[in-house]
Structure formats: C-alpha cells, structure tokens
Amino acid sequence: IAAELAYFFRGQARKNIKLLTLYCSFLAGLVIMYAWLFRVLMWELEGREYSFITGIYWTITAMSTLGYGDITFSSDPGFLFSAIVTLSGVVFMLILLPFGMISLFLAPWIEQRLRYRATLELPEDTAGHVLIFGFDSVTRALSRNLQNRHIPFVIVSPSHDQAVRLEEEGFRVVFGTPTDAKSLRGARVENARHIIANLSDPENTNLCLTAHAMCTTPIATLVSEPDNRDLLRLAGADQAIPLKRILGHYLASRATTRGAQAHIIDSFGALQIAEIPVQATPFSGQSLSDAKIRQSTGLAVIGLWERGHFTTPHADTHLSPKALMVLAGTREQLQALEQITGEEEAEDRILILGHGRIGCAAAGFLEQRAVPFILIDREANVDCLDHVAVIGDATSSKVLNDSGIESAKGLIVTTNDDSTNIFLTLASRHINPDIRIVARANQEENVDQLYAAGADFVVSNASVGANILSNILEGKESIFLTEGINVFRRSLPPTLVGKSINDSRIRPLSGCSIVALERADGQPPLVVPPPETILEQGMGLILIGNPEQEKTFSRTFRDRRH
Ligand code: ADP
Ligand code: ZN
C-alpha cells in the first residue's frame, strides 16, 4: 500500500495533485462568493437576514442539487440567482470535478498498474527464440550480439523489479522462477531454439534437469566451478562452459613472456593459435618481412594486438615490443620459435592481484608452465587448496612493493571491482613502466579506461563470454580473436577441388584469408599455404575474417558445415 501511495507523490501524479488543490481552492472561492451574494440578495430583495454559515449551507445544498427547500427565495431575481448557483454546481462540482479526478488520477494509476505488471507467459505460438536465464554483463553483451544478428531472445527473471526494468528497456521478459516447470512452460521452452543458463552452478543444474525433462531444446550453461561440468552434462546440458577458467587462462597466457607454447589460446586439431608478446621474441623492432618468422619457423603471423587494437599485419608492419603477435601453426613450429627465442626471457615473474576463481585459474595456468608467480588477495580463497596467497590489500603501495612489483615482468589485475582494477593498473604502471599489465574488465564500459590507465591488454569478461555463447548458438566452430575477427573452419567446397588457391579466388570474392589447410591423411596442416597450392578433396579450410566476410564466403561457395 505504501508503494501505491508513493505513486501519488511522484512525477506527473505530483503535478496533478497541485492542479487538484488549485481547482478545489477555486470551488471554495466560488462557494464563499455565492454565500456572500445569498446574504446580500436575501436582505435586499426579501428583507430577510441570514448568517454567513447559513449562506454556505444554502449554497452547498443548491450547488450539489440536493435542494432541501428549507430556505428559498420568493422573488424572480432570487429564483434566477438560485438557478445560476445550481447550474454552476452541476458544471463545476458534478461534472468537472469527477472528470478531473478520473483523468488525472484514476486512469494514469490504472494504466501504470497494467503497464508495470510483468509478463508471466509468452504467446502460445512463440518459437525459435533463445531463452536467457540470469541477466548480467555477459548476457547483456550476448543480447547485443543477438540483436545485431536479428535472433529473437527472451529473458527469464525471478525478480519482478528486474523483469519490469528490463521490459522498460525494451527487452522481452518473462517473470518466473527459472527452475519451476510452470514458468518454463510459460516461456515456451519446448519451442525455444536454445537455452542459455547463466545462474549459479546449483541453479543451473536444477534448470537443466527441469528443462531436459520437458523438451529437447539444447542447453548451454556457464559453470563457475570447472569440476561441476560433468554434473551439468549429466543434468542435461549440451555445453558447459567454464568461463572463469577460460578468462583466467586468457589473462595468464597474455601476461607471461615465457615459451611460445605457453601462449596457445585455442586450436583446430593440429593447428594452434597462439598469442605471444613481441617482447619475448628476438623480432622486436623489426619489420615483419625482416623478421622472417615464416622462413625460420613456418609460423604465420595472422594478427597484431597493440593496446586493444587488432590489425592484420603487412610485410612492412613494424613489430613493436609492446605488441602481441597472433600466430598460427603447429606445435612443432611453435617449438621451433621457442628454440630461436631461447631462454633469455626465462626470468619471468608475474604478480596476480586477486585470487578469486579467475585469478586462481590464471595461477593454475602459469603453474603448469613453470612460470613463477605471486598471488595477492585481501582474503584467503577457501575454495583453493593449491595456492598460497599473500594476504593484503593490493591497493596499498606497501603490499605491492613488498611483493616485488618493481622487478616483476608481468602483472595480472583480476579483482571483481573495476574501479580497483583501474586504480591498480595506474599505480603499477607508475611504479614499473616496463611491466606487462593484463587487466580484467568486469563491465565492458571500463575497457577503455583500463587501457587509458596503462594496461597492455584488457580481457573483458562480458565480451569473451558473449562471443563463446554466440558461437555456440550459431553452431559455429570458431576462435574468437576480437570483436569482428574470428578464425573458423569450413570444409573445402566441392567446386574448388583441384583449383589452386590463387584460382579459387577465395580472398577476392569473400575477403577471408586462408590461415591453414587441413589435410585428410593425418599430415600436419599447411600453415598459410602459398598461392599455387592445389586444393584437394577432403581438405579443411581454416579461415580468418569478420562475420560479414564469413557470411559472404558461405554464400559464394555454398558450403555445408561439416
Ligand atoms: P572471480 O571469481 O570472478 O574472480 P571473485 O569475487 O571471487 O571473482 O574474486 C575477486 C577477488 O579479488 C576476491 O578474492 C577479492 O578478495 C579480491 N580483491 C578485491 N579487491 C581487492 C583488493 N583491493 N586487494 C586484494 N584483493 C582484492
Ligand atoms: Zn588458487
């Protein structure tokens, strides 16, 4: 009730209350004027004297058309006056007042009641939609991807307030408990194209069990504890994505300069995609053609990252020590690079600020590759039995200095608070201008600020998560490099069999470049094959391009996903 009452003291309703007060004062004024006239006329016309209170009493009974008739005029001018009073009462009190009350208060109130009631059920014929359970920065970024691709989606929210808020933002929302079969039916789960479960691990498990029992709609779920993946699959999830672990690995692989193989971010069979700091190689300062990376290792440089910008390199691109090279090649080729790189850079030491799940995964990644690291956290991580962290607030310069920030080679900033991350990036950059800083952005809008604060690389939880999910939804096997650039696999279109790469005109027709050719007979993939290479039956193409180019490729060569 308090909330309902509060409605009348907000926004438009408040202005309307002022209007009503004004109108009532006008009515009161009218009554007083008539009462005074009544007294004057009674005295002047009929010689009768009445009190002012009697005047008010008479005016009100006349205006409200009650007309007791106990006090009446007996002359024509008096009758005329009575008629005017009664008529103005009808207009001002019986018509305008109720009309104003209804249109200014009752109608807007009813309207707002109707508008602010969350949807409990989608129309019965709803189909082909993606159902999103759990709305946070990851699924918000996903919803943006889906909007761009014109894929319909519906968010299921257990909170009425959130449901109403999201609906106001223009999203389609169903209000209901995600683990309740009734709300799942209301969300038309059986007709949905995919379910995205983004709740806690136990809730996701529960949701998978409930949904799996009702329909065969595929379910993709995020898991925060990688050990729970099997449980979620058992419960009916088709994909269980350990997002926090992936993020931890992303951060760690970009922070260390050790060994080329430590930087593998993903793979297509034997073809590995690795991101390695130029600093960790002997090529820093050279142009791409002078570096002769292809000739000496067989690896192809398919991209360069510098402070958040991804570029496709040309022969004369300068390899800045701050940049990160994206390499494609086999494990053997990466080993060859490691041989050239040598062990001079082995003196790697990395500080990890924040020992949550992501920080812990980063530590695990470094541990496996024998890179020394120090974890710093305000509190002990009770879920982790593998690492011992320095307990202290990383925002204190004493804690940072005592942990050796001045001599560390790399820094991973991974607290759950972006302001803290920005502060830590800035402070560490100030103390150690040469350190490689890899920072985590919990909210996408803070990515730029982290770069501005001095980060060399920023990993955005939301965009990584959203891209993994989008790829799953589109049934794509692809590696996400950055917004707009994917590495993806296609089987060789039959029309191209027997042609050389040059004659296939893949690049001029679609804009996609061939990263590698997979060969059928278990031979290692051909990395960035020369243009005269003949495309043979059974080969797989691994291409790089943006979604637009990818679509053009599919249209032009009309392939079927293998
Ligand atoms: P996630 O699991 O996503 O990594 P968490 O909230 O579990 O997120 O992890 C963030 C970690 O960062 C927590 O362990 C928290 O104690 C730590 N943290 C936050 N602020 C600071 C700080 N100023 N100094 C040190 N550690 C911090
Ligand atoms: Zn740990």
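Residues numbered from 1 in each chain as written. Chains lettered and ligands numbered in written order. Predicted model: local features only at pLDDT ≥ 70, side-chain atom pairs only at ≥ 80, totals over all residues. Heavy atoms only, no water.

Before going further, it helps to examine the sheet that holds strand S5 (residues 219–222). Strand order in the open sheet made by the six strands is S3-S2-S1-S4-S5-S6, with parallel pairing throughout. Each having just a single partner strand, strand S3 (173–175) and strand S6 (239–241) make up the two edges of the open sheet. Mean inter-strand twist for the sheet, computed between neighbouring axes without regard to direction, equals 20°. In the sheet, strand S1 (residues 130–133) pairs with strand S4 (residues 194–197) via four bridges, with the strands oriented parallel. Within S4, the residue paired with Ile 132 across the bridge is Ile 196. (Pairing = 2+ DSSP bridges. Helix = DSSP H or I, 4+ residues; strand = E, 2+ residues; numbered from the N terminus. Axes fitted to C-alpha atoms, helices over the stretch in contact; angles between N-to-C directions.)

Of all the residues in helix H21 (residues 547–557), the buried ones are Glu 550, Thr 552, Phe 553 and Phe 557. Relative to the axis of H21, the buried residues are bounded by an arc of 160° and lie together on one face. In this structure, H21 carries Lys 551 and Arg 555 as exposed residues pointing more than 90 degrees from its buried face. Immediately beyond the C-terminal end of H21, within one or two residues, lies Arg 558, with a positive phi of roughly 40°. (Buried < 20%, exposed > 50% of the residue type's maximum accessible area, 1.4 Å probe, protein only. Arc of directions from axis to C-beta.)

This part takes up the environment of Leu 334. As for its position among the elements, Leu 334 is in helix H13 (residues 331–341). For Leu 334, a relative accessible area of 1% translates into the label buried. With 86 residues separating them in the primary sequence, Leu 334 and Gly 248 have C-alpha atoms 22 Å apart.

Reference geometry at the metal: tetrahedral coordination by four donors gives ideal angles of 109.5 degrees; octahedral coordination by six donors gives 90 or 180 degrees. For the zinc ion (ligand 2), the full set of protein donor atoms is His 355 (NE2), Cys 360 (SG), Cys 384 (SG) and His 387 (ND1), and the range of their distances to it is 2.1 to 2.3 Å. Around the zinc ion (ligand 2) sit four donor atoms; with metal-centred angles ranging over 100 to 115°, the donor geometry is tetrahedral. Ordering the donors of the zinc ion (ligand 2) by residue number gives the pattern H-x4-C-x23-C-x2-H. This pair shows no difference in class: His 355 is buried, exactly as Cys 360 is. (Donors = N, O, S within 2.8 Å, 3.2 Å for Na, K, Ca; no water. Tetrahedral: all angles 85-135°; square planar, octahedral: opposite > 155°, others 65-115°.)

Close to ligand 1 lie 16 residues, the nearest being Lys 244, Asp 377, Asp 393, Asn 416 and Arg 440. Asn 416 places a side-chain nitrogen or oxygen 2.8 Å from an oxygen atom of ligand 1. Contact with the protein chains hides 86% of the accessible area of ligand 1, taken as 560 Å² for the molecule alone. (Near = heavy atom within 4 Å. Polar contact = N/O pair within 3.5 Å; in protein donor to acceptor, adjacent residues only side chain to side chain. Areas by Shrake-Rupley, 256 points an atom, 1.4 Å probe, with all protein chains shown as cover.)

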